[in-house]
Amino acid sequence: MSKLINSLCVLISASVIAYTPLAYSAEKTKENPSSSAKKTTKKTTTSTQKKPSKTTASHKKTTKINSAKSNKTKVTYTSRKSNVSKLAIANARQDVQVTRTIAARMDADNPGVQSSGVLVLNQQSGEVLYEKNADSIIPIASITKLMTAMVVLDAHLPLNELISITEADIDTLKNTSSRLSVGTTLTRGEMLLLALMSSENRAASTLSHHFPGGKEAFIRKMNEKAQQLGMRNSRFYDSTGLTPNNVSSARELALMVKAAQRYPEIHQFSTSSEYTFASNKNGSMLTFRNTNPLVKDSDWDIGVSKTGLLMKRAAAL
């Protein structure tokens, strides 16, 4: 019995001795893993550095092949889409009937103007080159402003005097708009420039309101000037031309244009292309442009220009 106990004790001791180094080694590794990790990292790093080079090369190769395939597919699709579009357009045009029109012949006898009253004169000789309903009395719209300008200049009023837009200058007849708001203050010369260059109705209106004797005296002077020029059948009721009561004929307007050309200010202002100024209301810059595009064409030497609504253009060239 004692021998059996001794044998078990020896066996247990041997087992404990064999287990202890393994436990100690595991504990050591847990406390200081750097040594084993370094070896592992070296191997891992070496293997990952060598392998990607092959992978990258194959990736580039794959990318080139794929992009080539993609381009080929895209070209095929575009070509097919284009063919479908052309086919659709061709089918759509099958039922379309096109009738060609012949433009009216344009010459000295038929210049192609659309105005109801026309008179074309040789400025030097006064020879009539073309006329159509030249004596018909019709509304003259904004060509009125040429007479407005002559009346202002005949009065020899200071062009550098400041005048302002008022409520009385707002158009209540046709309700036209304007960028010259009530309270805008400019010199009389600037108002005259805007009236002739941009056909600014409020500018033309305020010129009459700031005339000695007011608007009524101004309109009276307009009609007196018309009579002096031999415009026997012409009548003026306002300085803007908004009222259709301002009437004349193409033949009588030729007299007015010829007289207006003698004023250097009318020549300069009516043929200017644009004007910019700072508003006294808010300081913003305002640009006004000529309503006649011909003044920007170097091939045209224009003496006087003024556009109108019904009689489209009167100009002494």
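**Quick look at the overall build of the protein**
Phase 1 of the analysis: In terms of helices and strands, the protein carries eight helices and 10 strands.
Phase 2 of the analysis: Looking at the 317 residues of the protein, the share that counts as buried comes to 32%.
Phase 3 of the analysis: Nonlocal contacts in the protein, meaning residues at least 24 apart in sequence, comprise 59% of its contacts between residues at least 6 apart.
Phase 4 of the analysis: About 20,900 Å² of surface is accessible on the protein, with carbon and sulfur atoms providing 56% of the total.

**Points about the pairing of strand β7 (residues 274-278)**
Phase 1 of the analysis: As paired strands, β7 and strand β8 (residues 285-289) are joined by five bridges and run antiparallel to one another. Its bridge partner lying in β8, F277 is registered against L286.
Phase 2 of the analysis: Counting the residues that bridge the hairpin from β7 to β8 gives six residues, and of these G283 lies at a positive phi of roughly 85 degrees.

**So, the pattern of salt bridges**
Phase 1 of the analysis: All told, the structure shown has six salt bridges when counted by the stated rule.
Phase 2 of the analysis: Put simply, E131, D135 and R251 are held in one network by salt bridges that share partners.

**Focus on the confidence of the model for the protein**
Phase 1 of the analysis: For the protein, the average pLDDT comes to 78, and 65% of its residues sit at 70 or higher.
Phase 2 of the analysis: Ignoring residues within four places in sequence, the model shows residues 33-75, a span with pLDDT below 50, making one contact including any to other chains.
Phase 3 of the analysis: Segment residues 310-317: pLDDT under 50, and 39 contacts once partners within four positions in sequence are set aside and those in other chains are kept.

**Structural notes on the environment of E161**
Phase 1 of the analysis: As for its placement among the helices and strands, E161 is situated in the loop between α3 (144-154) and β4 (162-164).
Phase 2 of the analysis: Separated by 27 residues in sequence, E161 and R188 have C-alpha atoms that sit 5.7 Å apart.

**Focus on the side chain of T144**
Phase 1 of the analysis: Following the sequence through the fold, T144 ends up in helix α3.
Phase 2 of the analysis: A residue is classified by how much of its surface remains accessible, and T144, at 0% relative accessible area, is buried.
Phase 3 of the analysis: When sequence neighbours within four positions are dropped, the list of residues in contact with T144 reads M222, F236, D238, S239, T240, G241 and N246.

**Some details on the packing of aromatic side chains**
Phase 1 of the analysis: One pass over the full model with this rule turns up three aromatic pairs.
Phase 2 of the analysis: With 5.1 Å between their ring centres and 85 degrees between their planes, F211 and F218 make a pair best called edge-to-face. Of the two residues, F211 and F218, both sit in the buried class.
Phase 3 of the analysis: One residue, R179, lies across the ring of F288, its end atom 4.1 Å from the ring centre.

**Details of the nonpolar core**
Phase 1 of the analysis: In terms of nonpolar packing, the biggest core is built from 45 residues, with L146, M147, M150, M256 and I266 touching the most fellow members.
Phase 2 of the analysis: Elements with a minimum of two residues in this core: α3, α4 (188-197), α5 (201-209), α6 (214-228), α7 (250-260), α8 (264-270) and β8.
Phase 3 of the analysis: With residues near it in sequence (within four places) discarded, M150 still touches K225, L229, M256, A259, A260, Y263 and I266.

**Thoughts on unusual backbone geometry**
Phase 1 of the analysis: One non-glycine residue, N133, adopts positive backbone phi at about 50 degrees.
Phase 2 of the analysis: Topologically, N133 is positioned in the loop between β2 (128-132) and β3 (138-139).
Phase 3 of the analysis: Owing to a relative accessible area of 45%, N133 belongs among the partly exposed residues under this scheme.
Phase 4 of the analysis: Positive phi, close to 55 degrees, is recorded for S199, a residue that is not glycine.
Phase 5 of the analysis: Note that S199 resides in the loop between α4 and α5.
Phase 6 of the analysis: Its relative accessible area of 14% is what places S199 among the buried residues.

Conventions used here
Residues numbered from 1 in each chain as written. Predicted model: local features only at pLDDT ≥ 70, side-chain atom pairs only at ≥ 80, totals over all residues. Heavy atoms only, no water. Helix = DSSP H or I, 4+ residues; strand = E, 2+ residues; numbered from the N terminus. Buried < 20%, exposed > 50% of the residue type's maximum accessible area, 1.4 Å probe, protein only. Contact = heavy atoms within 4.5 Å. Areas by Shrake-Rupley, 256 points an atom, 1.4 Å probe, with all protein chains shown as cover. Pairing = 2+ DSSP bridges. Salt bridge = Lys/Arg side-chain N within 4 Å of Asp/Glu carboxyl O. pLDDT = per-residue confidence, 0-100. Phe/Tyr/Trp six-rings, centres within 6.5 Å; stacked < 30°, edge-to-face > 60°. Lys NZ or Arg CZ within 6 Å of the ring centre and 35° of its normal. Core = buried A, V, L, I, M, F, W, Y, C linked by side-chain atoms within 4.5 Å.

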